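Chain by chain, the residues run as shown.
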Protein chains: 2
Amino acid sequence: MHLRMDQWKHAFKLDPDRDLSDDALEKICLSGTDAVMVGGSTGVTFDNTVDLLARIRRYEVPCVLEVSNREAIVPGFDLFMIPIVLNAKNTDWIVGQQHGAIKEYGAILDWKQMMTEGYIIMNGNSAVANVTEADVKLSLKDVEAYARLAEHLFRCPVVYLEYSGIFGDMEWVRRIRGLLSESRLFYGGGIDGPDKAREAAQAAHTIVVGNAVYNDLEQALATVKAVRE
Amino acid sequence: MHLRMDQWKHAFKLDPDRDLSDDALEKICLSGTDAVMVGGSTGVTFDNTVDLLARIRRYEVPCVLEVSNREAIVPGFDLFMIPIVLNAKNTDWIVGQQHGAIKEYGAILDWKQMMTEGYIIMNGNSAVANVTEADVKLSLKDVEAYARLAEHLFRCPVVYLEYSGIFGDMEWVRRIRGLLSESRLFYGGGIDGPDKAREAAQAAHTIVVGNAVYNDLEQALATVKAVRE
């Protein structure tokens, strides 16, 4: 698999629309994390994406773009992750944006660098739920069915449980991981320090730490070591 | 690939909701076609599907269910084709129906028997366009982008250009086939006899003959030989 993504335990997600000092960025990139993902739900532009890429590129850490906006597809990342929001009620986030991007760049894309993520949005109060008009009234059986759909029908290398802003139900996360044989389970949401990181890393294949970077950098950095233990 | 689907040149599509005499069905099944697909847009039920399956099973021809309704998932077909209607505006036809079916049967499904079809609905006046609320105002570039999306992002073994009821633009069909390297291009719509069959078979990988079976059986049967020439 790309970049040995099958061995990633930990990733940081950086938002091009939020400020991060050079010092903080250096600590992130040298933290020992497996990858830095660049992406956000709102305010992501070509300019702020290319700026952030250039700053991350000073370091050796793998750098991935999570494409949320086709205006902001910047060449030069190691990998492009294409979200497919399975519980979106707006088709734009399942095929529309993707279709628009392929219409524009399809002839020149290197498909080997592209990887789909079957997203399941769990927190109705998050920006991403709002933007995608996600149906978040989901039972465990609903979530299981989305995970199977992502793995078997859409053949997504990644299934992404996105609790964005809240810490999820780890029992559910563990159940979903147990269903998957080909796809890798990414977990994101509410990892504000090493304790939550440890717990989430025991339930998912890969944990993603986002907001903590901006709220409490030292706690965020401590999540890397927690996952390695 | 399943059932050597990669060698199919011709298939008949039979609608469980339409009458077909035993004599006509025998001629279809012994025609030399590569497969009989069972499916329809409206009126498909468990009962009429299981009836049709039982009647086709007297013959050796491969028999495939195109799942359009989760109430009508009947075990015992050789293969289950799962349409994903890429230009649907109603998410039910992209992930919703599929999600519902997996929620019900996911734990017992044999995924090796399942195969997705990336559908592109081309005729706005068809029942399938109506049911799926398809956006049919498509340029060639739009269709190309959907085909690439189906092949590379959703990794559909089949891309299905569905002109349902009218004969399509064979230059477009040829262009789409030329884009595909992994997926197979199915063409359906307006094949009312051997001339159209020959033309469509030169443009697509596999042609599907549906309505003609009910409108003019002899003409429909003649499409098999036309494709073999």
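For every chain, the first residue of the written sequence is number 1, and numbering continues from 1 along that sequence. For this description, chains carry letters from A and ligands carry numbers from 1, given in the order in which they are written. The predicted nature of this model means local features are confined to residues of pLDDT at least 70 and side-chain atom pairs, given and counted, to a pLDDT of 80 or more, with totals for whole chains, interfaces and linings taken over all residues. Excluded from the side-chain calculation are hydrogens and water; included are all heavy atoms of the structure.

**Q** How should I be thinking about the overall build of chain A in this particular structure?
**A** For chain A, the count of helices and strands is nine helices and eight strands. Judged by the C-alpha coordinates and their principal axes, chain A covers about 45 × 45 × 35 Å. Burial status across chain A gives 58% buried among its 229 residues. We call two residues in contact when some of their heavy atoms are within 4.5 Å. If you take every contact in chain A between residues at least 6 apart in sequence, the share linking residues at least 24 apart comes to 72%. Of the accessible surface of chain A, which amounts to about 9300 Å², a share of 45% is contributed by carbon and sulfur atoms. Charged residues are defined narrowly, with Lys and Arg counted positive, Asp and Glu counted negative, and His plus the chain ends left uncounted. Taken as the charge centre is NZ of Lys, CZ of Arg, CG of Asp or CD of Glu, depending on the residue. The positive charge centre, built from 24 side chains, and the negative charge centre, built from 33, are 5 Å apart in chain A. Secondary structure counts use DSSP, requiring at least four H or I residues in a row for a helix and at least two E residues in a row for a strand, with both numbered from the N terminus. Categorising residues by exposure relies on relative accessible area from a 1.4 Å probe, with only protein chains included: less than 20% of the type maximum marks a residue as buried, more than 50% marks it as exposed, and the intermediate range marks it as partly exposed. Using a 1.4 Å probe, the Shrake-Rupley method yields the accessible areas, and only the shown protein chains count as cover for residues.

**Q** What is the right way to look at the UniProt feature "binding site: Mg(2+)" (unreviewed entry) in chain A in this model?
**A** Residues and elements named next belong to chain A. UniProt positions are given in the numbering used here, feature names are shortened, and annotations may be inferred rather than shown by experiment. Those residues carrying the UniProt feature "binding site: Mg(2+)" (unreviewed entry) are Asp15 and Ser41 in this numbering. These annotated residues cover 27 residues of sequence, but their C-alpha atoms sit close together, with the largest distance between any two at 8.6 Å. Topologically, Asp15 is positioned in the loop between β1 (10-14) and α1 (22-29). Those residues within four positions of Asp15 in sequence are excluded, and the remaining contacts are Gly39, Gly40, Val44, Leu52 and Tyr214. We define a polar contact as two N or O atoms separated by no more than 3.5 Å, with the added condition that, inside protein, one atom must be a possible hydrogen donor and the other a possible acceptor, whereas residues neighbouring each other in sequence contribute only through side-chain atom pairs. Within the structure, the side chain of Asp15 is placed 2.8 Å from the backbone nitrogen of Asp17, a separation counted as a polar contact. With respect to the helices and strands, Ser41 occurs in the loop between β2 (35-38) and α2 (46-56). For Ser41, a relative accessible area of 34% gives the class partly exposed. Not counting chain neighbours up to four residues away, the residues in contact with Ser41 comprise Ala127, Val128 and Val131.

**Q** Help me out: how do you make sense of helix α2 (residues 46-56) of chain B in this one?
**A** Helical geometry: 3.6 residues make up each α-helical turn, so side chains three or four residues apart lie on a common side. Residues and elements named next belong to chain B. Along α2, the residues classified as buried are Asn48, Thr49, Leu52, Leu53 and Ile56. Viewed end-on, α2 has its buried residues packed into an arc of 135°, placing them on one side of the element. Where α2 is buried, its residues meet β1 (10-14), α1 (22-29), β2 (35-38) and β3 (63-66). Directions drawn from the helix axis to the C-beta atoms are what define this arc.

**Q** What is the right way to look at the pattern of salt bridges in this model?
**A** Proximity of charged atoms lets side chains of opposite charge pair with each other. Residues and elements named next belong to chain A. The rule for a salt bridge is simple: a side-chain nitrogen of Lys or Arg has to be within 4 Å of a carboxyl oxygen of Asp or Glu. Enumeration over the complete set of coordinates arrives at 28 salt bridges over all chains. Notably, a salt bridge pairs Arg175 with Glu144, separated by 3.5 Å at the nearest N-O pair. Here Glu144 lies in helix α5 (residues 140-153) and Arg175 lies in helix α6 (residues 170-179), a separation of 31 residues in the sequence. Among the residues examined, Arg175 registers a relative accessible area of 42% and is labelled partly exposed.

**Q** Would you take a moment to explain helix α3 (residues 96-105) of chain A for this structure?
**A** Taken as a whole, α3 of chain A has its buried residues at Gln98, His99, Gly100, Ala101 and Ile102 of chain A. Contacts made by the buried residues of α3 of chain A are with β4 (79-85) of chain A together with α5 (140-153) of chain B.

**Q** What is the right way to look at the confidence of the model for chain A in this model?
**A** Close reading of the predicted structure is inappropriate where its pLDDT is low. Of all residues in chain A, 99% attain a pLDDT of 70 or more, and the chain-wide mean is 95. Across the interfaces of the predicted complex, the ipTM metric reaches 0.92, alongside a pTM of 0.94. Here pLDDT means the predictor's own confidence in every residue, given as a number from 0 to 100.

**Q** Which parts of the structure should I look at to understand the packing of aromatic side chains?
**A** Two aromatic rings, taken as a pair, are described by how far apart their centres are and by the angle between their planes. Residues and elements named next belong to chain B. Aromatic rings from Phe, Tyr and Trp, with only the six-membered ring used for Trp, were paired whenever their centres fell within 6.5 Å, and each pair was classed as stacked if the ring planes differed by under 30 degrees, edge-to-face if by over 60, and tilted otherwise. Under the definition given, this model contains 13 aromatic pairs over all chains. Between Tyr119 and Tyr160, the aromatic rings sit 4.2 Å apart at their centres with planes inclined by 15°, giving stacked as the arrangement. With Tyr119 in strand β5 (residues 114-121) and Tyr160 in strand β6 (residues 158-162), this residue pair connects regions lying 41 residues apart in the sequence. Judged on exposure class, the residue Tyr119 and its partner Tyr160 are both buried. Here, a charge over a ring is recorded when the distance from Lys NZ or Arg CZ to the ring centre is within 6 Å and its angle to the ring normal is within 35 degrees. The ring of Phe167 carries Lys196 above its face, with NZ or CZ at 5.2 Å from the centroid.

**Q** Help me out: how do you make sense of the pairing of strand β8 (residues 206-209) of chain A in this one?
**A** For a regular strand, the rule is simple: side chains alternate between the two faces of the sheet. All names here are of chain A. Where burial is concerned, the two faces of β8 agree: the one with Thr206 and Val208 and the one with Ile207 and Val209 are both buried. In this analysis, strands are considered paired if DSSP registers two or more bridges between them. Across three bridges, β1 lies against β8 in parallel orientation. Bridge assignment links His10 to a residue of β8, and that residue is Ile207. Following the backbone out of strand β7 (residues 184-188), through helix α7 (residues 194-203) and into the adjacent parallel β8, one traces a crossover that is right-handed. Viewed with both strands pointing away, a crossover whose connecting path from the first strand over the helix to the second turns clockwise is right-handed.

**Q** Got a minute to help me understand the interface of chain A and chain B in this structure?
**A** Many descriptions give the size of an interface as the accessible area lost when the pieces come together. Residue-level contacts link 29 residues of chain A with 29 residues of chain B. Summed over both partners, the accessible area lost on bringing two parts together, with a 1.4 Å probe, is the buried area. Roughly 2900 Å² is buried in total at the junction of chain A and chain B, and carbon and sulfur atoms are behind 71% of that figure. Together, His99, Leu153 and Phe154 of chain A form the three largest contributors to the area buried by chain A at its contact with chain B, with a combined 23%. With its nearest N and O atoms 2.8 Å apart, the salt bridge here joins Asp142 of chain A to Lys103 of chain B. Where chain A packs against chain B, one counts nine residue pairs in polar contact (both at pLDDT 80 or more). Contributing elements (two or more residues each) for the side of chain A that touches chain B: β4, α3 and α5 of chain A. Here the element with the most residues in the side of chain A that touches chain B is α5 of chain A; it accounts for eight residues. Think of it as three bins: nonpolar holds Ala, Val, Leu, Ile, Met, Phe, Trp, Tyr, Cys and Pro, charged holds Asp, Glu, Lys and Arg, and polar takes everything else, Gly as well. Across the side of chain A that touches chain B, the residue classes tally to 15 nonpolar, eight polar and six charged.

**Q** Teacher, can you tell me more about the relation of the copies chain A and chain B here?
**A** Two chain copies, one operation linking them: a rotation about an axis together with a shift along it. Relative to chain B, chain A is turned by 180° and slid 0.0 Å along the rotation axis, the superposed coordinates differing by an RMSD of 0.0 Å. Classification of the inter-copy transformation places it as that of a two-fold axis. For chain A, the minimum C-alpha distance to the rotation axis belongs to Phe154 of chain A and amounts to 2.4 Å. Looking at chain A, 100% of its interface residues are interface residues in chain B too, so the copies touch through the same face. Residues below a pLDDT of 70 in either copy are left out; the C-alpha atoms of the rest, at least 70 in both, set the least-squares superposition of the copies.

**Q** Can you help me understand the environment of Gly188 of chain A in this one?
**A** Residues and elements named next belong to chain A. Its place among the elements puts Gly188 in strand β7. Measuring from C-alpha to C-alpha, the distance between Gly188 and Gly168 comes to 8.5 Å, with 20 residues separating the pair along the chain. Excluding residues within four positions of it along the chain, Gly188 makes contact with Tyr160, Leu161, Glu162, Tyr163, Ser164 and Val208.

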